[in-house]
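Residues per chain are reported as follows:
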Amino acid sequence: MSSLNTTAFSQHPSFLLVGIPGLEKEQFWIAFPFSILYAIAVVGNITLLLFIKTVPSLHEPMYLFVAMLAFTDLVLSTSSVPKMLSIFWLGSREISFPSCLLQLFFIHTFSTVESGVLMAMALDRYVAICYPLRHSSILSVPAVVTLGSLVLVRGVVLVSPVCFLLHRLSFCHNNVISHAYCEHMAVVKLACGDTRVNAIYGLFVAFVVIVFDVMLIFVSYTLILRAVLRLPSTEARLKAFSTCASHVCVMLTLYTPALFTFLTHRFGQRIPHHVHIVVAIVYLLLPPMLNPIIYGVRTKQIRDRVV
């Protein structure tokens, strides 16, 4: 195995995932809170999906989007955490190139899908608050399904070229990925030859997803805020603010670690590498764990069923 680390490879070698660089001795114990977060995420999101499916009153646009978010969170966390825990607890660091590529595809695709679903939920809240009488006609069930399908297709279309670009690279010096899972730039850094196309396309995808989605979400909530402040009833204003607050919390838990991870990959050379990796892991675990709690607590029907 040691000869794999520095000698020449075929075009597509197996990789070794380090886990958390600098904390290899401590990561056995660090894995326990991560496993608890993962268990809560799996149980919470499956419960949320079952409730939304079985309660007819929840077959509305907002809860259909919540179901899409729950499914996305399940795929996102499950594509990374089991392998991560096997590294921390069993020392199973090796991952083949196809498996690495598949993990990378699911992580980046469903991260993009999650951002798109949050954008669609912001649009739903905008229509519900600003055009309440036309909400059911504008965002009917077929329209919601179509919007969700477009978000999924966008994720697949944007991320698939990343995998093709990685497949054409050769890896000839080092097969050790200083990360706990296969992440695009972490893999690109191991390639020999010109990787500018990979780096530029990665920046393009990040720009399209984060800037476009965040901008649309910001515009939606600006218009929502204007509409809410014009409501004559204080109770109606508080109810609208309360509904939107839960969405804002969900968005902050996703975009804050995502932006930190994206920026530190390119500009955060002074930030300790283990901090970057821990935040990247939290990025995959915190939203899936918090989303079912936030929406479960905020939804009376779900809260009553749980009680």
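Cut-offs and rules
Residues numbered from 1 in each chain as written. Predicted model: local features only at pLDDT ≥ 70, side-chain atom pairs only at ≥ 80, totals over all residues. Heavy atoms only, no water. Core = buried A, V, L, I, M, F, W, Y, C linked by side-chain atoms within 4.5 Å. Buried < 20%, exposed > 50% of the residue type's maximum accessible area, 1.4 Å probe, protein only. Helix = DSSP H or I, 4+ residues; strand = E, 2+ residues; numbered from the N terminus. Contact = heavy atoms within 4.5 Å. UniProt positions renumbered as here; feature names shortened; annotations may be inferred. Disulfide = S-S within 2.5 Å. Axes fitted to C-alpha atoms, helices over the stretch in contact; angles between N-to-C directions. Parallel < 35°, antiparallel > 145°, perpendicular 65-115°, else oblique. Left-handed = near helix turned anticlockwise from the far one by under 90°. Nonpolar A, V, L, I, M, F, W, Y, C, P; charged D, E, K, R; others polar.

J.: I tried to follow the nonpolar core on my own but got confused; where do I start?
T.: Generally speaking, nonpolar side chains in soluble globular proteins are found buried as a group. Judged by nonpolar contacts, the single largest core of 87 residues is most densely connected at Phe15, Phe88, Leu118, Ile177, Val187 and Ile281. With 17 residues, helix H5 (residues 97–130) is the single largest residue contributor to this core. For Phe15, the residues in contact, after removing those within four places along its chain, are Arg93, Glu94, Ile95, Phe97, Cys100, Phe171, Asn175, Ile177, Val187 and Leu190.

J.: Hey, could you run me through the UniProt feature "transmembrane region" (unreviewed entry) in the protein chain in this one?
T.: In the numbering used here, UniProt assigns the feature "transmembrane region" (unreviewed entry) to residues 28–51, 63–81, 101–123, 144–167, 199–228, 240–263 and 275–297. With 100% helix and 0% strand, residues 101–123 has end C-alpha atoms that lie 33 Å from one another. End C-alpha atoms of residues 275–297 are separated by 31 Å, and the span's content is 100% helix alongside 0% strand.

J.: Just checking my understanding: could you explain the state of the cysteines for this structure?
T.: Tallied over the full model, the rule gives one disulfide. Covalently, Cys100 is tied to Cys182 through a disulfide, its sulfur atoms 2.0 Å apart. Judged by the sign of its S-S torsion, about -125°, the cystine formed by Cys100 and Cys182 is left-handed. Here Cys100, found in helix H5, pairs with Cys182, found in the loop between strand E3 (176–177) and helix H8 (184–188); they are 82 residues apart in sequence, far enough to count as distant. Residues Cys100 and Cys182 agree in their burial class; the two are buried.

J.: Quick question: what am I supposed to make of the side chain of Thr112 here?
T.: Inspection of the secondary structure puts Thr112 in helix H5. Looking at Thr112, the relative accessible area reads 5%, which means it is buried. Not counting chain neighbours up to four residues away, the residues in contact with Thr112 comprise Arg154, Gly155, Leu158, Val159 and Val209.

J.: Looking at this model, I keep getting lost on the packing of helix H3 (residues 61–78) against H5. Mind explaining?
T.: For any two helices packed against each other, one specifies the crossing angle of their axes together with the interaxial distance. Between H3 and H5, the least distance of the axes is 9 Å, while the angle of their chain directions is 165°. The angle between H3 and H5 places the two elements in the roughly antiparallel class. The way H3 lies across H5 gives a crossing that is left-handed. Touching Pro61, Met62, Phe65, Val66, Met68, Leu69, Phe71, Thr72, Asp73, Val75 and Leu76 of H3 are Phe106, Ile107, Phe110, Ser111, Val113, Glu114, Val117, Leu118, Ala120, Met121, Asp124 and Arg125, all from H5. Its residues assigned to classes, the contact of H3 with H5 shows 17 nonpolar, two polar and four charged.

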